[in-house]
Amino acid sequence: KGLKFIRPPVQASYLHRDGKALVLYTDPQRSAESVRQFDPADGDTFLRMYAEFQEMCDEAPIPATYVPPLPVAEQAELLGRTELGRRIREISEQSPREIVESYGFRDPRVAGAILHLAPMWGLPPDVGGVGYMVPFYAYRMMNAALVRGGTHGLASALYAHVRAGNVDILEWAEVDRIITENGTATGVGLTDGREFHGRAVVSTLNPDQTFLKCIGKDRLPAGMADTLENWEWDVWSLLTSHLGIK
């Protein structure tokens, strides 16, 4: 309630020492015109890439965020049924740099700007295996929205909406264990001794905290604990500043 999003027409700008600025807009035609400052042919290349990225997002990553995840083999089989799906499978094994280079941008400043859109989300430019996320990240970064009044407004709106649905929200409640019965998570326990049980437990913690600390190695399926113990944080992350300027 009261939540409003703003989608700025200018999504990203890359300033160069020669005075030129590569500007990416929500309108791909305007973005292409900006790209043509650096190389006329790159403008057409950008439009071709944008159209393919948009089609890929509409086909797979965006719909997939609204349904439970499928097993990898089943996902691959479904993608293999269409030409676009096979293209998504192909780029999935590539790194962000390889995907951007495959379009053949002639000016490195243009290629660098496009490549920047995926690592902004923590996707290393030279790591393969998650290439299917590159179109998703790049397309979303050229169609991003801001919350009017600041991002705290989104949390406040979600809070109000959930409370209106007669849902209890516990603040200052620290979970220290996940309760399981016969291999199924049935509830959570708090540090103050209280327990809450339900049909499902949803965790947004990292794998180490969720499984090894809150459930415990001895209660995990064989092999799962070994996999989790080999889980590592990303080697780097980005700090970005978001400024509203008049």
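Here the structure is a predicted model, which means the values were calculated and not measured.

> How should I be thinking about a negative patch on the surface in this particular structure?
Residues Glu-55, Asp-58, Glu-59 and Glu-83 make up a contiguous surface patch of negative charge. When you line up the elements, Glu-59 lands in helix α2 (residues 40–59).

> What should I look at first to understand the pattern of salt bridges in this one?
For side chains bearing opposite charge, pairing can occur when the charged atoms are close. In total, this model carries 14 salt bridges according to the counting rule given. The partner of Arg-106 in a salt bridge is Asp-39, and the shortest N-O contact between them spans 3.1 Å. With a gap of 67 residues between them, Arg-106 in the loop between α6 (96–102) and α7 (108–117) and Asp-39 in the loop between α1 (28–35) and α2 connect regions that are remote in the sequence. Asp-39 sits in the buried class, given a relative accessible area of 12%. Between Glu-90 and Arg-87 there is a salt bridge whose closest N-O contact spans 3.3 Å. Here Glu-90 and its partner Arg-87 are both found in helix α5 (residues 83–92), three residues apart, which amounts to about one turn of the helix. According to the relative accessible area criterion, Glu-90 is partly exposed, its value standing at 45%. Ionic contacts of the salt-bridge type, sharing partners, join the residues Asp-18, Asp-107 and Arg-109 into one network.

> Would you mind showing me how to read empty space enclosed by the protein here?
Here the idea is plain: a probe the size of a water molecule rolls over the atoms and shows the empty space left. All chains considered together, the criterion is met by one cavity of 30 Å³ or more. Lining the largest cavity, in full, are Phe-53, Pro-96, Val-100, Ile-114, Leu-115, Ala-118, Val-134 and Ala-138. Of the residues in the lining of the largest cavity, the class split is eight nonpolar, no polar and no charged.

> I'm lost on the packing of α2 against α5 in this one. Help?
A pair of packed helices can be characterised by two numbers: the angle between their axes and the separation between those axes. As a packed pair, α2 and α5 sit with axes 10 Å apart at the nearest point and diverge in direction by 100°. In terms of orientation, α2 and α5 fall into the roughly perpendicular class. Judged by residue contacts, Glu-52, Glu-55, Met-56 and Glu-59 of α2 engage Leu-84, Arg-87, Ile-88 and Ile-91 from α5. Its residues assigned to classes, the contact of α2 with α5 comprises four nonpolar, no polar and four charged.

Conventions adopted
- Residues numbered from 1 in each chain as written.
- Predicted model: local features only at pLDDT ≥ 70, side-chain atom pairs only at ≥ 80, totals over all residues.
- Heavy atoms only, no water.
- Patch = residues over 30% accessible without salt bridge, like charges linked within 9 Å, V, L, I, M, F, W, Y side chains within 5 Å.
- Areas by Shrake-Rupley, 256 points an atom, 1.4 Å probe, with all protein chains shown as cover.
- Salt bridge = Lys/Arg side-chain N within 4 Å of Asp/Glu carboxyl O.
- Lys, Arg positive; Asp, Glu negative; His and termini not counted.
- Charge placed at Lys NZ, Arg CZ, Asp CG, Glu CD.
- Helix = DSSP H or I, 4+ residues; strand = E, 2+ residues; numbered from the N terminus.
- Buried < 20%, exposed > 50% of the residue type's maximum accessible area, 1.4 Å probe, protein only.
- 1 Å grid on protein atoms, 1.4 Å probe; cavity = no way out; pocket = protein on both sides within 12 Å on 5 of 7 lines; lining within 4 Å.
- Points joined across faces, edges and corners; volume = space filled by probe spheres on them.
- Nonpolar A, V, L, I, M, F, W, Y, C, P; charged D, E, K, R; others polar.
- Axes fitted to C-alpha atoms, helices over the stretch in contact; angles between N-to-C directions.
- Parallel < 35°, antiparallel > 145°, perpendicular 65-115°, else oblique.
- Contact = heavy atoms within 4.5 Å.

Everything listed here is a matter of geometry and, on its own, says nothing about what the molecule does.
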